[in-house]
Amino acid sequence: MPENEKEHKDNIELRSEEVQEILTKPPAWIVRWGITLIFLFTLIILALAFMIKYPDFVTAKVIVSTEQPTERIVARFSGALDDIYISNGDTVRVGQKLAVIRNTANINDVYYLKSIVDTLSIRSENLEFPLDTVSKLQLGDIESAYIGFEKSYVDLQLMEDLDPYLNELDGTRQSLIEIKSRLQNQIDQRQLLEQEYALEQMDFDRHQKLYEKGVISQQEYESKKLELLQMDKNISAMAISISQLREAIVTTGKNLKTTKINEQEDDMRLLRNLSQSFNTLKMAIKEWEHNYVLMSSTEGIVGFHEFWGENQFINFGEIVFSILPTDTSVLVGKLVLPSQNAGKVVPGQKVLVKLDNFPYQQYGMLVGQVENISVSPDNEGNYFVYISLPEGTSTSYNQKLPFEQELLGNAEIITENLSVAERLFYKFKELFQY
């Protein structure tokens, strides 16, 4: 080995011994402060473990809407759009017509008839219906119901105008008056006959005494007795006639009552038929309106689900319009929660909503609270959870999001707000239990 390499090796070994000497005897301040720093670092980690929260979440899909849900206008009949009365984004009121599906009726004619029917009162004494005008209208599916109403209305009007029972009632009343008058005459005649009979009886008694004394002949006596018997026979016949007249009065009174009852029954029957046909007509108009007229039942902003135009065909059950209620001050969230971990969810728990429309990394999250949860799952085993959003669309970044449509996203329900340390101890507790 050359001398230069040997000297270099000796120098390296010499320096290594010096370094080794320093390492085996470190300075006191390094030992003292090093332990202190390690202790402080450990305390900081433990403190952060108790301070930093690592909550337990249950996630679910959520849709954020107004307290009054968004109305979806669904086509209840397949056909082409005949008229569209609104544009996308218009504000509509309750009961406003949005569009009409083509059908065999004329919408103006139907609504003209509806305006008459809505103001018509069947119980009114002066019931008037413009048959001449309405009969010319194009009513389509309502035509059969209207024909039934028209027939009932005409029958009732003919009954009121012609009054077929009037002559019969007047004739029966007149007959009753005449029979009562004849009865009174018969009673008066009977009283006269009874007076004559009393006188004739007295005369017969005198003749009988004369006959017994032999003053008058037997023929004259028998003739006087025959006159008395004939007068008695007349009184009996008069009594029979009076009885027959009284029976006729009773029969005529019954006929009068029967005629009145028949008149009332016909009036009630015709009025009942008119009322039934009137209700049938109203139901037919409502059914026609339900099938062919797309109408708003809430006040809000209308949105088209597709680009709709006149003569465009739509299918039964197809969503045509959506109406977002004008009042957006109160918002709610609707969650579809799987059955797994659903038992952890109870009212009052905090909910963090991450919207798909607005990325939460940029806009922040909505903060809500669980209000209630369904007591039983649906057919697919999911539960429905409703949450309130007290701050509305104000996010955790203090940004106010615009609410112009229903918002979709994911919701995280905080079931247990545990710290990192509690979660570690929780795991140890599970191990010890097992």
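Residues numbered from 1 in each chain as written. Predicted model: local features only at pLDDT ≥ 70, side-chain atom pairs only at ≥ 80, totals over all residues. Heavy atoms only, no water.

Colleague: In this structure, what is going on with the packing of helix H3 (residues 107-119) against helix H7 (residues 218-292)? I would like to understand it.
Modeller: Axis separation between H3 and H7 bottoms out at 11 Å; the angle between their running directions is 140°. Judged by the inter-axis angle, H3 sits oblique to H7. Read as a crossing pair, H3 and H7 show a hand that is left-handed. Touching Ile107, Val110, Tyr111, Leu113, Lys114 and Val117 of H3 are Phe278, Leu281, Lys282, Ile285, Trp288 and Glu289, all from H7. Looking at the contact of H3 with H7 residue by residue, the classes come out as 9 nonpolar, no polar and 3 charged. (Axes fitted to C-alpha atoms, helices over the stretch in contact; angles between N-to-C directions. Helix = DSSP H or I, 4+ residues; strand = E, 2+ residues; numbered from the N terminus. Parallel < 35°, antiparallel > 145°, perpendicular 65-115°, else oblique. Left-handed = near helix turned anticlockwise from the far one by under 90°. Contact = heavy atoms within 4.5 Å. Nonpolar A, V, L, I, M, F, W, Y, C, P; charged D, E, K, R; others polar.)

Colleague: Just checking my understanding: could you explain the pairing of strand S5 (residues 97-101) for this structure?
Modeller: Across a regular strand the side chains alternate sides, sitting on one face of the sheet and then on the other. A large share of S5 lies buried, amounting to 4 of its 5 residues. Of the strand pairs in this sheet, strand S3 (residues 79-84) and S5 are connected by 3 bridges, and their pairing is antiparallel. Among the inter-strand pairings, Asp83 is bridged to a residue of S5, identified as Val100. (Buried < 20%, exposed > 50% of the residue type's maximum accessible area, 1.4 Å probe, protein only. Pairing = 2+ DSSP bridges.)

Colleague: Help me out: how do you make sense of the pattern of salt bridges in this one?
Modeller: Opposite charge on two side chains makes pairing possible when the charged atoms of those side chains draw close. Under the criterion given, the structure shown has 8 salt bridges. Where Arg102 meets Asp82, a salt bridge forms, and the shortest distance between an N and an O atom there is 3.7 Å. Here Asp82 lies in strand S3 and Arg102 lies in the loop between S5 and H3, a separation of 20 residues in the sequence. Judged by its relative accessible area of 28%, Asp82 is partly exposed. Linking Asp203 and Lys224 is a salt bridge whose minimum nitrogen-to-oxygen distance equals 2.8 Å. With Asp203 in helix H6 (residues 165-213) and Lys224 in helix H7, this residue pair connects regions lying 21 residues apart in the sequence. (Salt bridge = Lys/Arg side-chain N within 4 Å of Asp/Glu carboxyl O.)

Colleague: Help me understand unusual backbone geometry, please; the structure alone is not making it clear to me.
Modeller: Phi is mostly negative for residues that are not glycine, and the peptide bonds are mostly trans. Unusually for a residue other than glycine, Asn398 sits at a positive phi of about 60°. The class for Asn398 is exposed, based on a relative accessible area of 75%.

Colleague: What is the right way to read the sheet that holds strand S11 (residues 350-355) from this model?
Modeller: Read around the closed barrel, 6 strands run S1-S10-S13-S12-S11-S14, paired in antiparallel fashion. The mean angle between the axes of side-by-side strands here comes to 40°, regardless of whether they run parallel or antiparallel. Pairing analysis gives 4 bridges linking S11 to strand S12 (residues 366-373), with the strands arranged antiparallel. Note on S12: the bridge partner recorded for Val351 is Gly368.

Colleague: Looking at this structure, I do not really get the pairing of strand S10 (residues 331-338). What am I missing?
Modeller: Where strand S1 (residues 56-66) and S10 come together, 6 bridges link them in antiparallel fashion. When the sheet's bridge partners are listed, Ile63 is paired in S10 with Lys334. Sheet analysis places S10 next to strand S13 (residues 382-389), joined by 8 bridges and oriented antiparallel. Across the sheet, residue Leu337 finds its bridge partner in S13, namely Tyr383.

Colleague: Quick question: what am I supposed to make of a nonpolar patch on the surface here?
Modeller: A contiguous nonpolar surface patch, about 400 Å² in accessible area, is contributed by Leu37, Phe39, Leu40 and Leu43. Within the secondary structure, Leu37 is located in helix H2 (residues 28-51). Its relative accessible area of 55% is what places Leu37 among the exposed residues. (Patch = residues over 30% accessible without salt bridge, like charges linked within 9 Å, V, L, I, M, F, W, Y side chains within 5 Å. Areas by Shrake-Rupley, 256 points an atom, 1.4 Å probe, with all protein chains shown as cover.)

Colleague: Would you explain the nonpolar core in this entry?
Modeller: Side chains that are nonpolar tend, in soluble globular proteins, to be buried together. Ranked by size, the top nonpolar core spans 47 residues in total, and within it Leu113, Phe129, Ile142, Phe149, Leu281 and Phe321 carry the most contacts. Elements with a minimum of two residues in this core: S3, S5, H3, helix H4 (131-134), helix H5 (143-162), H7, strand S6 (293-295) and strand S9 (319-325). Sorting elements by how many residues they give to this core places H7 first, with 8 residues. Leaving out residues up to four positions away in the same chain, Phe129 has contacts with Leu113, Ile116, Leu120, Val134, Tyr146, Phe149 and Tyr153. The next biggest cluster of nonpolar side chains, apart from the first, holds 24 residues, and it includes Val58, Val345, Phe358 and Leu389. (Core = buried A, V, L, I, M, F, W, Y, C linked by side-chain atoms within 4.5 Å.)

Colleague: I would appreciate a short explanation of the packing of aromatic side chains in the present structure.
Modeller: Given two aromatic rings, one states the distance between the centres and the angle between the planes to describe the pair. With the rule as written, the count across this model stands at 7 aromatic pairs. Judged by centre distance (6.2 Å) and plane angle (25°), the rings of Phe149 and Tyr153 are stacked. You can see Phe149 and its partner Tyr153 sitting in helix H5, 4 residues apart, about one turn around the helix. Accessibility classification places Phe149 together with Tyr153 in one group, the buried group. Through a chain of ring-to-ring contacts, the aromatic side chains of Phe77, Tyr111, Trp288 and Tyr292 assemble into a single cluster. (Phe/Tyr/Trp six-rings, centres within 6.5 Å; stacked < 30°, edge-to-face > 60°.)

Colleague: I tried to follow the sheet that holds S5 on my own but got confused; where do I start?
Modeller: Two modes of strand pairing occur in sheets, parallel and antiparallel, and in both the strands are linked by backbone hydrogen bonds. One open sheet holds the 4 strands; their spatial order is S6-S5-S3-S8, and the pairing between them is antiparallel. Bordering the open sheet on either side are S6 and strand S8 (313-314), each of which pairs with just one other strand. Contacts from H7 reach S5 and S6 within the one sheet, and its direction differs from that of S6 by about 80°.

Colleague: I keep staring at H5 and nothing clicks. Help me out?
Modeller: Two residues of an α-helix separated by three or four positions point the same way, owing to the 3.6 residues in each turn. The first and last C-alpha atoms of H5 sit 28 Å apart over 20 residues, in line with the 28 Å expected at 1.5 Å per residue. Taken together, the buried positions of H5 are occupied by Ala145, Tyr146, Phe149, Ser152, Tyr153, Leu156, Gln157 and Met159. Relative to the axis of H5, the buried residues are bounded by an arc of 155° and lie together on one face. Among the exposed residues of H5, those oriented more than 90 degrees off its buried face are Ser144, Lys151, Asp161 and Leu162. Remark: Asp163 follows H5 within two positions and exhibits a positive phi of approximately 50°. (Expected span 1.5 Å × (residues − 1). Arc of directions from axis to C-beta.)

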